[in-house]
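# Coordinate inspection notes
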Amino acid sequence: QVQVVESGGGLVQPGGSLRLSCVASGSGFSSYNMAWYRQAPGKQRELIARITSVGSTNYADSVKGRFTISRDNAKNTVYLQMNNLKPEDTAVYSCNAAQTRWPLENYWGKGTLVTVSS
């Protein structure tokens, strides 16, 4: 069973930066597609950044140019660097690990809260 644990959330002022980390336990991390989602109060969960097993990245328009996803396979870790944060970025940020080989399981962390406020 793969465990996914996020960290790095907190309170930051508008215009500030945070870096989130997500560690996925177990072997096979390098073959996973990894993604960050967020869910703001009263809103649906949205996909904001994704990095494939070969390093290709995609971003939601709302974070493009401000957020950067990266991975370190040696540490079983994916990062989300968030710059120029805005109040509307306030949400619980969750990490997803998706197997690219059978049985194509998806694993979720519990999330970390990011609050952008002055």
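Residues numbered from 1 in each chain as written. Predicted model: local features only at pLDDT ≥ 70, side-chain atom pairs only at ≥ 80, totals over all residues. Heavy atoms only, no water.

For the rest of this paragraph, the subject is the sheet that holds strand β1 (residues 4-7). Adjacent strands of a sheet form backbone hydrogen bonds with each other and so pair up, either parallel or antiparallel. Strand order in this open sheet of four strands is β1-β3-β8-β7, and the pairing throughout is antiparallel. With partners counted over all chains shown, the strands left at the sheet margins are β1 and β7 (67-72), one partner each. The average undirected angle you get between the axes of adjacent strands in this sheet is 15 degrees. Judged from the six bridges that link them, β7 and strand β8 (residues 77-82) form a sheet pairing that is antiparallel. For Asp72, the partnering residue across the bridge sits in β8 and is Thr77. (Pairing = 2+ DSSP bridges. Helix = DSSP H or I, 4+ residues; strand = E, 2+ residues; numbered from the N terminus. Axes fitted to C-alpha atoms, helices over the stretch in contact; angles between N-to-C directions.)

The next point concerns the packing of aromatic side chains. Applying the stated criterion across every chain yields a total of two aromatic pairs. The residue whose ring lies beneath Arg45 is Tyr37, and the NZ or CZ to ring-centre distance is 5.5 Å. Arg45 extends its terminal NZ or CZ atom over the ring of Trp108, reaching a point 4.0 Å from the ring centre. (Phe/Tyr/Trp six-rings, centres within 6.5 Å; stacked < 30°, edge-to-face > 60°. Lys NZ or Arg CZ within 6 Å of the ring centre and 35° of its normal.)

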